[in-house]
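Residues per chain are reported as follows:
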Amino acid sequence: MLQIVFVLIIYIPLVLLVGRYVYQVTMNQKTVFNSFFQKIENILYKITGVKQQEMTGKQYVIALLLSNACMIIVSYLILRLQKYVFLNPNQIENMEPTLAFNTVISFMTNTNLQHYSGESAMSYFAQMIVITFMMFTSAASGYAVCMAFCRRFIAKTDRIGNFYKDFTRIIVRILLPFSFVVALALVWQGVPQTLAQNQTITTLEGKSQDLALGPIASMESIKHLGTNGGGFNGANSSTPFENPTALTNVIEILSMMLLPGACVVAFGLMIAYRKQPHKHVVIGKQGAVLFTVMGALFLIGLTAIYISEKTGNPLITALGIDQSNGSMEGKEIRFGIEQSALFTEVTTAFTTGTINNMHDTLTPIGGMVPLFNMMLNVVFGGKGVGLMNMMMYVLLAIFLACLMIGRTPQFLGRKIEAKEMKFIALCILIHPFIILGFSALAVSVAGGVEGITNPGAHGLSQILYEYASSAANNGSGFEGLADNTTFWNVTTGLAMFFGRYTSIILQLAIATLIARKPEQPDSVGTLQTDTPLFGTFLFTIVLVVGALTFLPALTLGPIQEFLTIR
Amino acid sequence: MTTMQKEQIFSKKFVLSACWQACLKFNPMYMVKNPVMFVVEIGFFATILFTLFPQMLHDDSPRLYNAIIAIILGITIWFANFAEAMTQGRGKAQVETLKKTKTSMRARIIKEGKEQWVEASTLMKGDRVIVRAGEVIPNDGEVIEGVATVDESAITGESAPVVKERGGDFSSVTGGTIVTSDEIIIEITSLPGASFLDQMIALIEGAKRQKTPNEIALSTLLVSLTIIFLLVVVTLKPMADYFDLMIPLATLIALMVCLIPTTIGGLLSAIGIAGMDRVTQFNVIAKDGRAVEACGDVDVLILDKTGTITYGNRMATSFHTAQTVELQDLMEAAYYSSLADDTPEGKSILTLIEQKGVDITRTTQTFEEVPFTAQTRMSGINLEDGTTYRKGAFDTVKKYVGSCPNEVEAAVQMISNKGGTPLVVTKNKEILGAIYLKDVVKEGLKERFQLLRKMGIQTIMCTGDNPLTAAAIAEEAGVDSFIAESKPEDKLEVIRKAQREGKVVAMTGDGTNDAPALAQANVGVAMNSGTNAAKEAANMVDLDSNPTKIIEIVQIGKQLLMTRGALTTFSIANDVAKYFAIIPAIFLIGIPGMQMFNLMHLSSPISAVLSALLFNALIIPLLIPIAMKGVPYRPMSANRLLRKNLLIYGVGGLVIPFIGIKLIDVIITPILKSLGLS
């Protein structure tokens with residue numbers, strides 16, 4: 001318990017501080033080391049010919065889609081041709097087409113679902129140029145969209161912000177410096193950072209073992225900061241080379257939580273400073289409400305995992321095995337239940353997808369929580385996009401709450417009308433549509449059923465998890481699934497693609513519509529969205545609308561498993 | 001007419017007709033307009049098929065079970081249709097009366113100087129007709145010759161006839177009203193079929209009823225919730241099949257119908273029609289639902305002082321004597337000077353004296369009237385014996401008398417400062433004192449403005465008075481601000497300014513020069529007594545011509561939105577309990593541990609499914625009164641209002657179905673057992 005509380009206590013001041021910094025970056029204000037960063041950015045603008053003119057929402061989306069499309073094509077070619085390119089000391093073969101498709105989509109969409117094992121399927125060149133590169137660019141893309149989204153709620157115009165400029169500023173001012181610091185800290189704790197080939201060593205037992213080395217620390221830092229989650233090695237952050245000590249575990253947890261939380265703080269500050277630019281604000285009332293609702297959902301999930309894992313598996317207890325330390329199957333001794341439970345909750349709530357224990361071996365309820373986090377996809381969520389998803393529920397809650405006080409719905413003085421409502425409804429619809437639709441498909445066709453390694457309720461959980469993870473752009477897996485097949489590569493690839501881009505396009509469209517509306521002044525009769533009352537309502541709406549959708553599926557999966565082993 | 005209607009609402013004939021209408025609405029072509037209920041109807045037809053041909057889907061659920069589900073689904077749809085039919089039926093009686101008036105109308109058209117009888121429906125714009133006492137005015141028009149009293153009760157419900165004459169604000173007449181005296185020549189101003197009467201019929205019939213923006217937004221939400229739950233149920237089937245859990249199709253349909261928002265989906269159109277109907281019952285014709293909805297958002301209310309805030313006539317409220325004069329003498333002088341005065345001010349002086357219970361020695365002498373003229377600016381009488389009584393404005397009287405006692409001058413000053421009008425009374429060219437004529441603020445207005453402030457609505461008073469008078473009245477009435485010495489153009493500017501700030505503005509008006517402002521305002525309410533131009537520009541017409549009614553209209557608008565919001569929240573909250581009833585029930589056979597989630601301890605899976613479905617059906621008629629009357633509304637701050645409604649409809653929506661489903665379960669369990677279904 002203490003370890004969990006300790007991490008969360010450090011988190012609060014950290015996220016407030018970084019949130020303010022993110023706010024400054026978003027609003028094009030001066031930040032620390034401004035002149036230094038400015039010089040780098042200016043050079044980049046000059047090389048790339050970015051003109052920095054303000055864009056409309058439509059132009060912004062097009063810029064995002066085009067740049068992501070370019071990256072997808074180049075990366076696909078690299079994976080297909082990696083055998084012929086340099087920096088391939090371990091003689092890795094070219095990647096098979098459906099796996100390459102899946103991998104590229106996976107990394108471009110910030111999902112990092114891995115149907116391959118990095119150490120055996122990728123050259124160092126591919127690891128650095130495709131994987132690490134995309135870890136930066138996909139995180140920056142997601143956050144840039146979030147910036148564009150948030151700014152439109154407080155701006156009086158739709159022509160605001162430039163995608164390329166935002167993209168550059170995020171990488172130069174946030175991702176690079178932060179991951180540099182984190183990487184150094186990880187190297188200090190013993191994470192390798194080398195271009196030397198894998199080493200074969202003789203173990204104490206006298207057997208030989210291959211040690212997978214590589215530029216791990218640099219990838220590890222951005223993997224967490226950018227809520228990416230794709231490990232250098234197949235076993236991700238449970239391996240000692242990716243996550244050697246309890247301290248690195250805490251660093252990695254905090255890195256994951258930092259920027260998604262900071263987005264919420266930054267949005268809170270944007271709203272607060274919109275009316276009173278000179279008042280000192282920590283997070284703002286609106287920001288506090290959003291943060292608290294997300295935080296409450298987070299803590300409930302964390303408690304559930306912790307209790308469930310601590311209690312252990314009744315079947316194992318029945319075998320007469322001592323479980324006083326909790327269910328340790330698939331967990332690392334150096335992390336224990338607490339650090340594992342926290343890591344699991346954080347990686348799925350903040351939709352990073354990195355793992356430090358095998359989610360497949362979590363107890364049924366312990367495994368349901370991460371699944372549920374990804375199904376909601378609003379508990380802080382991935383970098384930027386989690387906030388945007390939460391805003392869909394906020395707008396929905398506002399719609400209902402405003403009606404209940406007899407006013408036509410509005411947020412921050414802007415009306416929410418039929419057209420916005422249509423897009424909001426679509427946004428909320430897409431996510432269950434992908435998860436439930438593909439899961440139903442997978443249990444009905446041979447290609448899907450073949451992947452299930454664990455028949456019974458757990459098999460369905462594996463499938464639901466795979467698609468929830470894809471649609472929420474999380475990337476972790478219930479690793480039991482035999483997922484490197486054409487069926488799984490293609491369907492999860494599509495799930496990731498639509499889960500990411502349809503939402504982003506719709507959400508920016510909503511922001512664009514909102515930005516074009518005239519602003520109405522507040523009065524006593526206006527709905528206050530920054531009160532605990534509204535927070536409670538929002539919390540309930542998220543649970544009722546989000547949870548009810550998935551309840552039948554969850555009943556057949558984890559709940560059935562829970563009931564059968566009880 | 002309104003009272004007659006109210007009696008009819010729940011009359012037997014009325015309900016019977018609604019019952020039948022509800023059956024006619026099963027037509028899929030009609031149902032498809034309401035996607036939520038249309039999905040239920042598809043489920044209804046599907047379960048009928050399963051009942052008739054159980055073998056066609058290799059579904060081994062009992063035929064009787066399928067039949068019961070089909071029946072409950074049918075009832076659900078019928079209840080929703082009934083709610084709609086009830087609300088529509090309300091207007092129908094009104095329409096029939098109006099239509100009767102319309103069909104029987106004939107007109108005497110003037111062509112080339114000759115009168116000629118024609119059917120009213122053939123009248124064209126620009127035709128001139130003559131209407132004599134006892135005849136019905138055939139169509140909307142302007143009086144171009146003559147003066148007549150017109151009984152407008154057919155439209156307004158107000159029985160006192162109104163004088164109509166050429167020019168000014170009382171020149172427009174409405175088709176369907178009756179001339180009760182004299183005759184007038186009217187020029188027809190509306191096209192055939194587009195008269196006020198036609199509009200009113202169309203409006204009440206709901207033929208032209210279009211969905212309002214908010215209704216469309218809410219429908220979108222409901223449709224997407226329907227799709228989500230459709231998806232949930234459709235994907236549940238293959239997942240359950242994977243575990244070889246056989247779920248009967250009828251059960252899946254029941255689950256889906258329980259989850260989709262049928263409560264609000266079934267009542268949505270009834271709420272809309274009933275909201276408009278409440279406006280109509282207030283004798284206000286709203287030209288479209290948008291305006292009623294916009295009412296809920298009104299931030300600024302612009303009100304004319306005269307007629308709206310004050311009674312319009314200045315009334316005597318007190319007497320102020322000169323030092324040496326007895327009050328009795330002043331009142332006597334005031335009495336005589338007003339004896340021949342027919343103006344409301346003059347009458348109010350007599351009333352005040354009467355109220356004070358003073359005995360005035362009635363004169364037996366004959367007297368000569370001295371009427372008010374623009375030159376003298378005084379009025380009064382000269383008695384036979386030469387005594388003269390005069391009253392008038394201070395400066396003219398002072399000139400007429402020559403001097404004025406200091407106390408009277410002070411009193412005059414005081415009255416002016418308070419925004420009143422002083423009248424000075426003389427007897428034999430000697431000033432006795434002053435009468436305080438006051439612009440009397442209507443009773444209860446101050447409290448209503450306070451309520452408005454609580455609702456976040458700002459009130460602005462427009463008046464032609466000088467700033468001093470305006471300030472005094474504004475203070476007394478409790479309006480937030482005022483515009484003194486205002487001209488009609490100023491109103492337009494005030495509205496534009498408020499709208500630039502993003503505010504939603506409502507106003508009332510009657511004159512032609514109000515028309516631009518009425519058109520500019522988000523909610524413009526024209527008085528029926530007003531000109532056609534004003535009525536055309538406004539989006540609502542108040543048939544009673546009562547300017548304060550806008551406050552009620554605002555409340556109706558808010559109520560309409562609140563009813564929608566409250567029932568939607570209620571409907572969504574209901575799903576939690578329905579899940580707890582149905583999910584354990586459908587999986588119980590395959591997963592015995594599910595009994596743990598049977599929180600309500602429902603007796604059997606079949607009873608659980610049927611109880612949830614029955615609850616879902618029965619809640620619709622139980623909520624019809626709320627849909628028709630609207631959620632009760634008392635002005636309070638937004639936050640308190642939200643808390644209150646969330647408690648009632650949110651928390652209530654979570655709890656009530658748990659109780660309701662359990663109750664139904666207890667009742668139907670023995671019945672199901674006797675039918676062999678358990």
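This one's a predicted model, so the numbers in the text were calculated from it and none came from an experiment.

Reading guide: rules and limits
- Residues numbered from 1 in each chain as written.
- Chains lettered and ligands numbered in written order.
- Predicted model: local features only at pLDDT ≥ 70, side-chain atom pairs only at ≥ 80, totals over all residues.
- Heavy atoms only, no water.
- Pairing = 2+ DSSP bridges.
- Helix = DSSP H or I, 4+ residues; strand = E, 2+ residues; numbered from the N terminus.
- Phe/Tyr/Trp six-rings, centres within 6.5 Å; stacked < 30°, edge-to-face > 60°.
- Buried < 20%, exposed > 50% of the residue type's maximum accessible area, 1.4 Å probe, protein only.
- Lys NZ or Arg CZ within 6 Å of the ring centre and 35° of its normal.
- Core = buried A, V, L, I, M, F, W, Y, C linked by side-chain atoms within 4.5 Å.
- Contact = heavy atoms within 4.5 Å.
- 1 Å grid on protein atoms, 1.4 Å probe; cavity = no way out; pocket = protein on both sides within 12 Å on 5 of 7 lines; lining within 4 Å.
- Points joined across faces, edges and corners; volume = space filled by probe spheres on them.
- Nonpolar A, V, L, I, M, F, W, Y, C, P; charged D, E, K, R; others polar.
- pLDDT = per-residue confidence, 0-100.
- Axes fitted to C-alpha atoms, helices over the stretch in contact; angles between N-to-C directions.
- Expected span 1.5 Å × (residues − 1).
- Buried area = accessible area lost by both parts, 1.4 Å probe.
- Salt bridge = Lys/Arg side-chain N within 4 Å of Asp/Glu carboxyl O.
- Patch = residues over 30% accessible without salt bridge, like charges linked within 9 Å, V, L, I, M, F, W, Y side chains within 5 Å.
- Areas by Shrake-Rupley, 256 points an atom, 1.4 Å probe, with all protein chains shown as cover.

Re the sheet that holds strand E1 (residues 106-111) of chain B
Residues and elements named next belong to chain B. Here we have six strands laid out as an open sheet, ordered E2-E1-E3-E9-E4-E7, and antiparallel in their pairing. At either end of the open sheet lies a strand with only one pairing partner, and these are strand E2 (114-119) and strand E7 (172-173). The pairing of strand E4 (residues 141-145) with E7 spans two bridges and is classified as antiparallel. Its bridge partner being in E7, Gly141 is matched across the sheet by Val173.

Looking at the pairing of E4 of chain B
Inspection of the sheet shows E4 of chain B paired to strand E9 (residues 183-188) of chain B by four bridges, in the antiparallel sense. In the sheet register, Val143 of chain B faces E9 of chain B, and the bridge partner there is Ile186 of chain B.

A closer look at the packing of aromatic side chains
Residue and element names in this part refer to chain A. Here the structure, examined in full by the defined rule, presents 31 aromatic pairs over all chains. Judged by centre distance (6.4 Å) and plane angle (80°), the rings of Phe33 and Phe37 are edge-to-face. Ring plane angle 65° and centroid distance 5.1 Å describe the contact between Phe86 and Phe125, whose orientation is recorded as edge-to-face. On the criterion of sequence distance, the pair formed by Phe86 in the loop between helix H3 (57-81) and helix H4 (97-108) and Phe125 in helix H6 (residues 124-154) is long-range, its members being 39 residues apart. Taking relative accessible area as the criterion, Phe86 reaches 58% and is therefore assigned exposed. Taking the ring centre of Tyr60 as reference, the NZ or CZ of Arg152 above it sits at 6.0 Å.

Topic: the nonpolar core
Membership of the largest hydrophobic core comes to 328 residues, with the highest contact counts inside it found for Phe298 and Met390 of chain A. Setting aside its immediate chain neighbours within four residues, Met390 of chain A contacts Leu290, Val293, Met294, Leu297, Val378, Leu538 and Val542 of chain A. Within the second largest apolar cluster, 34 residues are counted, among which are Val325, Ile349, Val358 and Val408 of chain B.

Examining empty space enclosed by the protein
With the rule as written, the count across this model stands at 11 cavities of 30 Å³ or more. Counted as a void, the largest cavity has a volume near 290 Å³. In terms of residue class, the lining of the largest cavity is built from 15 nonpolar, nine polar and one charged. What the second largest cavity holds in volume is close to 70 Å³. The wall of the second largest cavity is formed by Val544, Val545, Leu548 and Thr549 of chain A together with Leu225, Ile228, Phe229, Leu259, Pro261, Ser571, Ile572 and Asp575 of chain B.

Topic: unusual backbone geometry
All names here are of chain A. A positive phi is found at Phe33, a non-glycine position, where the angle reads about 55°. With a phi angle near 50°, Leu412 is a residue other than glycine that sits in the positive phi range. With respect to the helices and strands, the residue Leu412 is situated in the loop between strand E3 (410-411) and strand E4 (414-415).

Notes on the pairing of strand E16 (residues 421-427) of chain B
Consecutive side chains along a regular strand alternate between the two faces of the sheet. Residues and elements named next belong to chain B. The buried count for E16 comes to five of seven residues, which makes it a mostly enclosed element. Relative to E16, strand E15 (residues 388-392) runs antiparallel, the two sharing four bridges. Residue pairing across strands places Arg390 opposite Thr426, the latter belonging to E16. Strand direction decides the pairing type here: E16 and strand E17 (residues 430-441), joined by seven bridges, are antiparallel. Note on E17: the bridge partner recorded for Leu423 is Ile435. In sequence, E16 turns back onto E17 through a hairpin of two residues, with Asn428 there showing a positive phi of about 50°.

So, the side chain of Gln82 of chain A
Residues and elements named next belong to chain A. Within the element layout of this structure, Gln82 appears in the loop between H3 and H4. Accessibility expressed as a relative area gives 0% for Gln82, which makes it buried. The contact partners of Gln82, leaving out residues within four places of it in the chain, are Asn88, Ile92, Glu93, Asn94, Met95, Ala121, Met122, Ser123 and Ala126.

A look at the confidence of the model for chain B
Residue and element names in this part refer to chain B. Across chain B, the average pLDDT comes to 83, with 92% of residues at or above 70. Here residues 1-9 is a poorly scored stretch, pLDDT under 50, and it has 14 contacts once near neighbours within four places are set aside; other chains count. Interface predicted TM-score (ipTM) for the complex: 0.91; the corresponding pTM is 0.85.

Brief notes about the sheet that holds strand E21 (residues 523-527) of chain B
Residues and elements named next belong to chain B. With mixed pairing, the seven strands of this open sheet are ordered in space as E10-E22-E21-E20-E11-E18-E19. Both outer strands of the open sheet, strand E10 (284-286) and strand E19 (481-483), are each paired with one neighbouring strand and no more. If you compare each strand with its neighbour and ignore which way they point, the axes differ by 20° on average. Against the sheet, helix H17 (residues 467-477) touches strand E18 (458-462) and E19, its axis set at about 150° to E19.

What about H3 of chain A?
Over its 25 residues, H3 of chain A extends 36 Å from the first C-alpha to the last, a length consistent with the 36 Å expected when each residue adds 1.5 Å. For H3 of chain A, the elements touching its buried residues are H4, H6, helix H7 (163-188) and helix H18 (486-515) of chain A.

Remarks on the interface of chain A and chain B
Quoted interface sizes are often the accessible area lost when the parts come together. Taken together, the contact between chain A and chain B spans 59 residues of the former and 59 residues of the latter. With both sides pooled, the region where chain A packs onto chain B buries about 5,100 Å², and carbon together with sulfur makes up 77% of that total. For chain A, the biggest contributors to the area lost against chain B are Met404, Leu533 and Leu556 of chain A; these three give 14% of the whole. The tally of links from chain A across to chain B stands at three salt bridges. Between Asp297 of chain B and Lys415 of chain A there is a salt bridge, with its nearest N and O atoms 3.4 Å apart.

Points about a nonpolar patch on the surface
Residues and elements named next belong to chain B. Residues Leu64, Leu663, Val666, Ile667, Ile671 and Leu675 make up a contiguous nonpolar surface patch of about 550 Å² in total accessible area. With five residues, the single largest contributor to the nonpolar patch is helix H23 (residues 638-675). If you trace the backbone, Leu663 turns up in helix H23.

Brief notes about the layout of surface pockets
The calculated volume of the largest pocket comes to roughly 800 Å³. Along the wall of the largest pocket there are 28 residues; nearest its centre are Met368, Phe372, Ala547, Leu551 and Ile559 of chain A. Secondary-structure elements contributing two or more residues to the lining of the largest pocket are helix H10 (285-311), helix H13 (364-376) and helix H19 (532-565) of chain A together with helix H21 (550-587) of chain B. If one sorts the elements of the lining of the largest pocket by residue count, H19 of chain A sits on top with 10 residues.

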